[in-house]
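# Secondary and tertiary structure notes
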Amino acid sequence: MTIRDDDPPPTITIRDGSVTEGTGANQVVRLAVSLSDPSAFTVRVAFDTVPGSADARQDYVAASGTVTFAPGATSATISVPIVADTLVEPDEDFTVALSNPSNATIADGTAVVTILDDDGSTRGPSGTSSTRRTLFTIPGRA
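Since this is a predicted model, take the numbers as computed values, not measurements.

The rules we used
- Residues numbered from 1 in each chain as written.
- Predicted model: local features only at pLDDT ≥ 70, side-chain atom pairs only at ≥ 80, totals over all residues.
- Heavy atoms only, no water.
- Helix = DSSP H or I, 4+ residues; strand = E, 2+ residues; numbered from the N terminus.
- pLDDT = per-residue confidence, 0-100.
- Contact = heavy atoms within 4.5 Å.
- Buried < 20%, exposed > 50% of the residue type's maximum accessible area, 1.4 Å probe, protein only.
- Pairing = 2+ DSSP bridges.
- Axes fitted to C-alpha atoms, helices over the stretch in contact; angles between N-to-C directions.

### Details of unusual backbone geometry
We note that Asn100 has phi near 50°; this positive angle belongs to a residue other than glycine. For Asn100, the position within the fold is in strand β7 (residues 92-102). The phi dihedral of Asn103 falls on the positive side, at around 65°, and the residue is not glycine. For Asn103, the position within the fold is in the loop between β7 and β8 (105-108).

The structure is reproduced here in structure tokens:
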């Protein structure tokens with residue numbers, strides 16, 4: 001007698017993330033990757049960063065690799081370094097995309113990462129970024 005495994009494979013999802021850019025040491029954004037159900041098999045999925053409004057050389061460090069779930073595991077993390085700077089700029093984003101799963105399928109394979117600028121910008125009424133300016137008056141000067 002042969003026992004056939006006819007259970008559907010577990011599904012993989014990745015969650016969006018955000019991180020404050022920082023001005024000193026570089027930051028790291030950690031993205032949660034989860035498996036819908038434990039598996040008796042090792043599950044693997046590839047990942048790659050994909051530029052958006054954020055640039056892979058100036059705003060974050062491009063990353064790629066493989067996430068591995070050991071048998072029975074249901075959670076993993078992808079870490080992507082963020083490049084700190086002191087430029088006033090709008091919030092920026094990039095995507096982390098999953099591909100080529102083994103022993104699972106992908107339910108949600110893209111995560112948007114938002115890099116929150118912290119260099120003196122303020123939010124205007126429409127949500128746009130603007131620079132805060134202070135005017136000084138020197139007595140005796142026009």
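### A look at the confidence of the model for the protein chain
Residues of the protein chain with pLDDT of at least 70 account for 83%, and the chain-wide mean is 86. In this model residues 122-138 is a low-confidence stretch, pLDDT under 50, and it forms 15 contacts with partners more than four residues away in sequence or in other chains.

### Let's talk about the pairing of strand β1 (residues 11-14)
Only one face of β1 is covered, namely the one carrying Ile12 and Ile14; the face carrying Thr11 and Thr13 has none of its residues buried. Here β1 pairs with β8 via three bridges, running parallel. Across the sheet, residue Thr13 finds its bridge partner in β8, namely Asp108. When β1 meets strand β3 (residues 27-35), the two strands line up antiparallel, connected through three bridges. Residue Thr13 lies in a different strand from β3, and its bridge partner there is Ser34.

### Points about the sheet that holds β7
Strand order in the open sheet formed by five strands is β2-β9-β7-β4-β5, and the pairing between neighbours is mixed. Each edge of the open sheet carries a strand with a single partner, namely β2 (17-20) and β5 (64-69). The average angle at which neighbouring strand axes cross in this sheet is 25°, direction not considered. With six bridges connecting them, strand β4 (residues 43-51) and β5 associate as antiparallel partners. Within β5, the residue paired with Phe47 across the bridge is Gly65.

### Comments concerning the environment of Tyr60
Among the structural elements, Tyr60 can be located in the loop between β4 and β5. Each C-alpha atom of the pair Tyr60 and Asn26 lies 9.1 Å from the other, and the pair is 34 residues apart in sequence. When sequence neighbours within four positions are dropped, the list of residues in contact with Tyr60 reads Thr49, Val50, Pro51, Ala54, Asp55, Val80, Pro81, Ile82, Val83 and Phe94.

### Focus on the sheet that holds β8
With respect to topology, four strands assemble into an open sheet ordered β6-β3-β1-β8, the strand pairing being mixed. For this open sheet the edge positions go to β6 (75-82) and β8, each flanked by a neighbour on one side alone. Sheet twist, expressed as the average angle between the axes of neighbouring strands with direction ignored, equals 30°. By the bridge criterion, eight bridges tie β3 to β6 in an arrangement that is antiparallel. Counterpart to Arg30 in the pairing with β6 is Ser79.

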